[in-house]
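Here are the chains, one letter per residue:
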Amino acid sequence: MSKRIDFAKQRRDQGRSLTSAFREIKAIMEPIAHQSGIDLRAILGEAAARKEKEKQLLTERLQESVVPLFIYRDGQPDRVGSCVLVRLDSEFYAFTAAHVIRDAGSAKLFAPSEGRGGKLQPLPPYTAHLKSSRGNNDLDAGVLALPVRRLGAFQHHVFLSDADIDQDDLPDDQDDLRSFYFVLGYSASRTQVKVSRAERRIHQQSFRCSTQPIDAAEYLQEGMAKSDHILLDFDHKEIHVEGRRASPPKLQGVSGGGIFLIFRKVTRGPLVAIATENRRRSRLIVGTRIKHFLAIVRALKTTGPSGSF
């Protein structure tokens, strides 16, 4: 058996080297800029603030389409995962991880009425369809088919259209400075959700991260097929907020959330995968590529609904 390579350490060391190099360049340039009457520190600060504002606006827009899912256990709401709302050919769906649907079992699913939260509302009667396989290469894809005329509170959300989805399964933009990958979902951590039991209202703080895909060699070590999955760098020991290291919430509950390829120039981009797993040891977020969810939808159109929950 070959020795396991610590790719996470390699990525971490590379990131720290780049950060160190940037700081050295900044230290060299600041006095030169000052002599020319340029406040380099203020310019960089404004750029960082503008970048953070853009990501906040991106989050606010996408969280109208990426929704947390709850069930009730012993009379209390309990987070089971996330889902992404999609409209294809005038039909409405919720894409999520298959294990989210399995974990819910026969329990009724609920979701807040608005992107930032709101009163918990039951999902309209749906049919659930799973596509899965055994072993490390589990596709873990689930689609909820929603009735067009009975969306209820979901009609206030924004369903992604064909144009918002990576229909062609475009190749990963490895180390492309013109784009980044954006993961959005909802952690089940108690620090991320506030529940008003009397009003059955939820205020759910979304989880988000910007990241990049990994090299092909790491897919091989993880036993994951690049044609079916996307693996993204997520080192929970190297998270920084406003320049300071921070501990992110546990990613339990983020399963079923969206993975988007965002182009920096327009701060927009397609849904490319659904998040299914966080491999903490490998410092990775795993996603099932969107083509498998689209395949389920195509199969529904030819075979008709089945597997009703």
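Data block above holds the structure.
Reading the values: rules and limits
- Residues numbered from 1 in each chain as written.
- Predicted model: local features only at pLDDT ≥ 70, side-chain atom pairs only at ≥ 80, totals over all residues.
- Heavy atoms only, no water.
- 1 Å grid on protein atoms, 1.4 Å probe; cavity = no way out; pocket = protein on both sides within 12 Å on 5 of 7 lines; lining within 4 Å.
- Points joined across faces, edges and corners; volume = space filled by probe spheres on them.
- Core = buried A, V, L, I, M, F, W, Y, C linked by side-chain atoms within 4.5 Å.
- Buried < 20%, exposed > 50% of the residue type's maximum accessible area, 1.4 Å probe, protein only.
- Helix = DSSP H or I, 4+ residues; strand = E, 2+ residues; numbered from the N terminus.
- Patch = residues over 30% accessible without salt bridge, like charges linked within 9 Å, V, L, I, M, F, W, Y side chains within 5 Å.
- Areas by Shrake-Rupley, 256 points an atom, 1.4 Å probe, with all protein chains shown as cover.
- Salt bridge = Lys/Arg side-chain N within 4 Å of Asp/Glu carboxyl O.

(A) A look at empty space enclosed by the protein. Applying the stated criterion across every chain, the model contains one cavity of 30 Å³ or more. Of the pockets and cavities examined, the largest cavity occupies roughly 40 Å³. As for the largest cavity, its lining consists of Asp166, Leu170, Pro171, Asp172, Tyr181, Ile230, Leu261, Val272 and Arg289.

(B) View of the nonpolar core. Counting residues in each nonpolar core, the largest one holds 27 residues, and the members touching the most others are Leu88, Tyr93, Phe95, Phe182, Phe260, Leu271 and Ile290. Of all the secondary structure elements, the ones that give two or more residues to this core are helix H2 (40–62), strand E2 (76–88), strand E3 (91–96), strand E7 (141–146), strand E8 (179–185), strand E15 (258–263), strand E16 (271–279) and helix H5 (291–303). No other element matches the five residues that H5 contributes to this core. Membership of the second largest hydrophobic core comes to 22 residues, among which are Ala104, Leu109, Leu123 and Phe154.

(C) Main features of a nonpolar patch on the surface. Together, Ile25, Ile28, Met29 and Ile32 make up a nonpolar patch on the protein surface, roughly 380 Å² of accessible area in all. Within the secondary structure, Met29 is located in helix H1 (residues 7–35). Given the relative accessible area of 38%, Met29 is considered partly exposed.

(D) A look at the pattern of salt bridges. A complete count under the given rule lists six salt bridges for this structure. With a shortest N-O distance of 2.8 Å, Arg279 and Glu222 are connected by a salt bridge. One end of the pair, Arg279, is in strand E16; the other, Glu222, is in helix H4 (residues 216–222), and 57 residues separate them in sequence. An identical accessibility class is assigned to Arg279 and Glu222; each is buried. Of the charged contacts, one joins Asp235 and Arg283 as a salt bridge, the two residues approaching to 2.8 Å between their closest N and O atoms. Taken as a pair, Asp235 in the loop between strand E12 (229–233) and strand E13 (240–241) and Arg283 in the loop between E16 and strand E17 (284–289) lie far apart in primary sequence, 48 residues in all. Looking at Arg283, the relative accessible area reads 16%, which means it is buried. Salt bridges sharing partners connect three or more residues here, namely Arg4, Glu222, Glu277 and Arg279.

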